[in-house]
Amino acid sequence: MIKNYPDDSDVKEVISNKVPFKNVREFFQKRGIFYIYYARNKIAEHSCRLFLGYSDYKELKDLTDVSSNTKKVSGIEMNTRLNQDEILDKLKELKGISLNREDKLTVENVQKREDGTILVDVSYEHRNVGTVELLKRIPRSFQFEIKPKQSDNDKTVIIVHHNTNEDYIKAREILRIMKKKADEDNGDEEIKIEEIKLERLPLEKRIELFDRILTYNYENWKLEDVISLKIRRDESLNDEELEETELRGITEAILKGRNLRTNKTVKKFEKSGYYFSSVIMKLRHTKDPIKVHLRITFKSRPELPEVEICECFEVTDDIEEPKVLPPEVQDSLVKYF
Amino acid sequence: MPEQQNVEGDAWLNKAIKILTELGWIQKGDKKVDITANDEEYGIDAFFTYYDPYEGQNIGVFVEAKLRSWNSVKSNLRNLLKDSINKMVNILENVPYSEEFNEKLNFDNTAKITNTGLIMLWVKVDEENKDNNYNHEKFIKCLSSIEPPKKRSFKKVFVASNMDIRRFCSIIDTSKELYKESDGTFRYYYPSLVTVNNKPERLRHLTLEYLYSKYIFGKMTNKDGKKVTVVFYMDDITFSALRLMENALVRYQLLDDTDIVQVYFYKSMESHREAIEEFRRTITDNLKGINVELKPMRRCPEDVLNYWG
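As the structure is a prediction and not an experimental result, all values here were calculated from the model. (Residues numbered from 1 in each chain as written. Chains lettered and ligands numbered in written order. Predicted model: local features only at pLDDT ≥ 70, side-chain atom pairs only at ≥ 80, totals over all residues. Heavy atoms only, no water.)

## Describing the overall build of chain B
Summing up its helical and strand segments, chain B has ten helices and 13 strands in all. Computed over the C-alpha atoms, the radius of gyration of chain B is 21 Å, within 12% of the 19 Å expected from 2.2 N^0.38 for a compact globule of 309 residues. Reported as C-alpha extents along the three principal axes, the dimensions of chain B are approximately 65 × 50 × 35 Å. Across the 309 residues of chain B, 54% fall into the buried class. Sequence separation of at least 24 residues holds for 72% of the intrachain contacts in chain B that already meet a minimum separation of 6. Accessible area for chain B stands at about 14300 Å²; split by element, carbon and sulfur atoms hold 43% of it. Taken as two groups, the 45 positive and 47 negative side-chain charges of chain B have centres that lie 3 Å from each other. (Helix = DSSP H or I, 4+ residues; strand = E, 2+ residues; numbered from the N terminus. Rg over C-alpha atoms; globule rule 2.2 N^0.38 Å. Buried < 20%, exposed > 50% of the residue type's maximum accessible area, 1.4 Å probe, protein only. Contact = heavy atoms within 4.5 Å. Areas by Shrake-Rupley, 256 points an atom, 1.4 Å probe, with all protein chains shown as cover. Lys, Arg positive; Asp, Glu negative; His and termini not counted. Charge placed at Lys NZ, Arg CZ, Asp CG, Glu CD.)

## Some details on the sheet that holds strand S12 (residues 260-265) of chain B
Sheets are built from strands paired through backbone hydrogen bonds, the pairs being either parallel or antiparallel. Residues and elements named next belong to chain B. Taken together, the six strands give an open sheet; going across it, the order is S9-S8-S10-S11-S12-S13, and neighbouring strands pair in mixed fashion. Sheet topology places strand S9 (201-203) and strand S13 (291-296) at the edges, where each strand pairs with a single neighbour. Pairs of neighbouring strands in the sheet enclose a mean axial angle of 30°, with direction left out of account. With three bridges connecting them, strand S8 (residues 187-190) and S9 associate as antiparallel partners. Note on S9: the bridge partner recorded for Tyr188 is Leu203. Sheet contacts for helix H6 (residues 162-181): S8, strand S10 (215-221), strand S11 (227-233) and S12; angle to S11, the most-contacted strand, approximately 170°. (Pairing = 2+ DSSP bridges. Axes fitted to C-alpha atoms, helices over the stretch in contact; angles between N-to-C directions.)

## Thoughts on the interface of chain B and chain A
Every contact between the two is made by 42 residues of chain B and, on the other side, 39 residues of chain A. For the pair chain B and chain A, the summed buried area comes to about 3700 Å², and 61% of that belongs to carbon and sulfur atoms. Applying the counting rule to chain B against chain A returns four salt bridges. One salt bridge connects Asp7(A) with Arg251(B), and the closest N-O pair in it is separated by 2.1 Å. Summed over the shared surface of chain B and chain A, the result is 19 residue pairs in polar contact (both at pLDDT 80 or more). At the level of secondary structure, the elements contributing two or more residues to the side of chain B that touches chain A comprise helix H3 (77-94), helix H5 (136-145), strand S7 (156-160), helix H7 (208-211), S10 and helix H8 (239-251) of chain B. A per-element tally of the side of chain B that touches chain A places H8(B) first, with six residues. Partitioning the side of chain B that touches chain A into residue classes produces 24 nonpolar, six polar and twelve charged. Inspection of the sheet shows strand S1 (residues 33-35) of chain A paired to S7(B) by three bridges, in the antiparallel sense. By the bridge assignment, Ile33(A) is partnered in S7(B) with Phe158(B). (Buried area = accessible area lost by both parts, 1.4 Å probe. Salt bridge = Lys/Arg side-chain N within 4 Å of Asp/Glu carboxyl O. Polar contact = N/O pair within 3.5 Å; in protein donor to acceptor, adjacent residues only side chain to side chain. Nonpolar A, V, L, I, M, F, W, Y, C, P; charged D, E, K, R; others polar.)

## Topic: the environment of Arg31(A)
Within the fold, Arg31(A) resides in the loop between helix H2 (21-29) and S1. Discounting chain neighbours no more than four positions away, the residues touching Arg31(A) are Asp56(A), Glu59(A) and Tyr212(B). At a separation of 2.8 Å, a polar atom in the side chain of Arg31(A) contacts the side chain of Asp56(A).

## Some points on the pairing of strand S5 (residues 118-129) of chain A
Residues and elements named next belong to chain A. In this sheet, S5 lies alongside strand S4 (residues 105-112) in antiparallel orientation, the contact comprising six bridges. Across the sheet, residue Lys112 finds its bridge partner in S5, namely Ile118. The antiparallel pairing of S4 with S5 creates a hairpin that spans five residues between the two strands, and Gly116 there sits at a positive phi of about 100°. Of the pairings in the sheet, the one linking S5 to strand S6 (residues 135-146) comprises twelve bridges and is antiparallel in character.

## Here's the deal with empty space enclosed by the protein
Residues and elements named next belong to chain B. Applying the stated criterion across every chain yields a total of four cavities of 30 Å³ or more. Here the largest cavity is characterised by a volume of approximately 40 Å³. Of all the secondary-structure elements, those providing two or more residues to the lining of the largest cavity are strand S3 (40-44), strand S5 (57-68) and H3. Along the lines of polarity and charge, the residues of the lining of the largest cavity split into five nonpolar, one polar and three charged. (1 Å grid on protein atoms, 1.4 Å probe; cavity = no way out; pocket = protein on both sides within 12 Å on 5 of 7 lines; lining within 4 Å. Points joined across faces, edges and corners; volume = space filled by probe spheres on them.)

## A closer look at the nonpolar core
The biggest cluster of nonpolar side chains holds 103 residues, and the ones touching the most others in it are Ile19(B), Leu118(B), Met120(B), Phe217(B) and Phe232(B). Excluding anything up to four places from it in sequence, Phe232(B) contacts Ile171(B), Thr174(B), Ser175(B), Leu178(B), Phe186(B), Tyr188(B), Lys214(B), Tyr215(B), Ile216(B), Tyr264(B) and Met297(B). Membership of the second largest hydrophobic core comes to 37 residues, among which are Leu198(A), Leu209(A), Leu223(A) and Ile296(A). (Core = buried A, V, L, I, M, F, W, Y, C linked by side-chain atoms within 4.5 Å.)

## Some thoughts on the layout of surface pockets
If a probe as big as a water molecule is rolled over the atoms, it shows which places are left empty. Residues and elements named next belong to chain B. The space that makes up the largest pocket amounts to roughly 800 Å³. For the largest pocket, the lining is made up of 33 residues, of which His136, Ile140, Met163, Asp164 and Arg167 are closest to its centre. Considering each element in turn, the lining of the largest pocket owes the most residues, five residues, to H6. Broken down by class, the residue content of the lining of the largest pocket amounts to 13 nonpolar, six polar and 14 charged.

## Section: the packing of aromatic side chains
Summed over all chains, the structure comprises 34 aromatic pairs over all chains. An aromatic cluster is defined as three or more aromatic residues linked by ring pairs; in this entry it consists of Tyr5(A), Phe51(A), Tyr57(A), Tyr54(B), Tyr190(B), Tyr210(B), Tyr215(B), Phe217(B), Tyr233(B), Tyr252(B) and Phe265(B). Positioned above the aromatic ring of Phe27(A), the side-chain terminus of Arg31(A) is 3.7 Å from the ring centre. (Phe/Tyr/Trp six-rings, centres within 6.5 Å; stacked < 30°, edge-to-face > 60°. Lys NZ or Arg CZ within 6 Å of the ring centre and 35° of its normal.)

In structure tokens, the structure reads:
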């Protein structure tokens, strides 16, 4: 929420350096001003003289290619016969109280959307060693969604909009607290929380998962290239990046529609006990002229699955603004279990 | 039919010229002038100049007036806009460098900076067929989808359509009233900007940047001799947006040496009463000693072509 009217010099700086060229031009075009120039500097010099309004500056802020603007999500699953309303009630019981004395973990707000999705706003204090104080407390907040089950036998999918790994851990903590209460209230295991960990699957299935990720028919997106693949042997060791030639080989095979597990290189890894842990895919939208680099990672320390848009492009190869894509892809991904 | 179109087209050009003149711009030379540059002929609907306090000089604006009916453009709006913009860019690239330019338009070389164009597109108002009227969402969509050229020398082309033109007329009408109310002391106020490091100026005309801004500041002395700061507020009427404007007043020192602040709202005050009341309470609290008045701007008829001016 912008409260201080920005100086023209600040606006000039933001337009010159923080917003991609294409976005700058489009921003002003929507407002009826066409800057016929090839670089941002002069455009910034002139456009900063406009006295823009509240939603203009908000829009400008959203266009800045700051990492907090790139969308990423992680996910957890719940196995429960409780329906959305019952889950909503359980969460409402937790609302407003400090669930953890040390970090003041609090469920700030719970609401149900028209489509049945439950939105939970969470706040907590991140504690770290500081310079002025010994222990610095930084307030943080994030949101997670509990999506309605597709059918009665399905699992409930939770999507966490996390900014840092700690957010994911806090979301998990809240779910565990909710589960504990539900189990106690009912005297039986009402909720089973299942984290999406690669290591839950047997070895072959781990590779198969990535096969499915890469060959899946996403509604509006088509795989164009595989930018990077990482393999892992042991959770305690670092992941390794696949070499260029190996990557090329696997990518070609996938684009031709072949199964990953039949690939020579992949077979070699499998034998040595390696499996895929992370992939960056280049996807092309089937209707709009947009491409994204989407990264799907199964982190190991801490353990959490993450889907992130690393970069976005418009077909003319300029950068465009990020879209809220991950939830869709995450949804389809999680269904594989 | 072509004659009728020409007559209507001329009527719109005349109206456009009137609007820009009322905004304080100075027309130079005749309307509909042909200029030859680099062996090509360019038709210039009108050429205006005004002093830009942030350039510290007079700038020249090439104006093109276009009149259409919604039916004739709705399926082709994007191309129409694209072609008009490209045509204007051609004019900006060539005309200022021709000898005829100074002979027929830019007399005495009044405008030193000639890199700006304005396209005034008016879509006729159809009273009978309500669907056959200007659609602002569609217009914006077309505007954003166009890929304008990228040139090495800086140029700007402003596109104004019904929505903008009605706003201009509303500004003109409100200003006229304020001018009368203030015994002729009302002026638009151009604050000092950091990037320009200028002295604030009070002028009787509006620059293109001000016309496309969400706030226009003004100053005047009213009949009781009180100093008034005026704001034409074109932004959304929400509490956050209003507070931001209040902060701008502080930031540009528009509350120093002022007895009264008059905010004129362009958007409907009726639909946003809570936000306005909440704002009135807070600003009155914050600005102790200064009277705050919140009023609507003069509304402009929908059919500017036939019923305004």
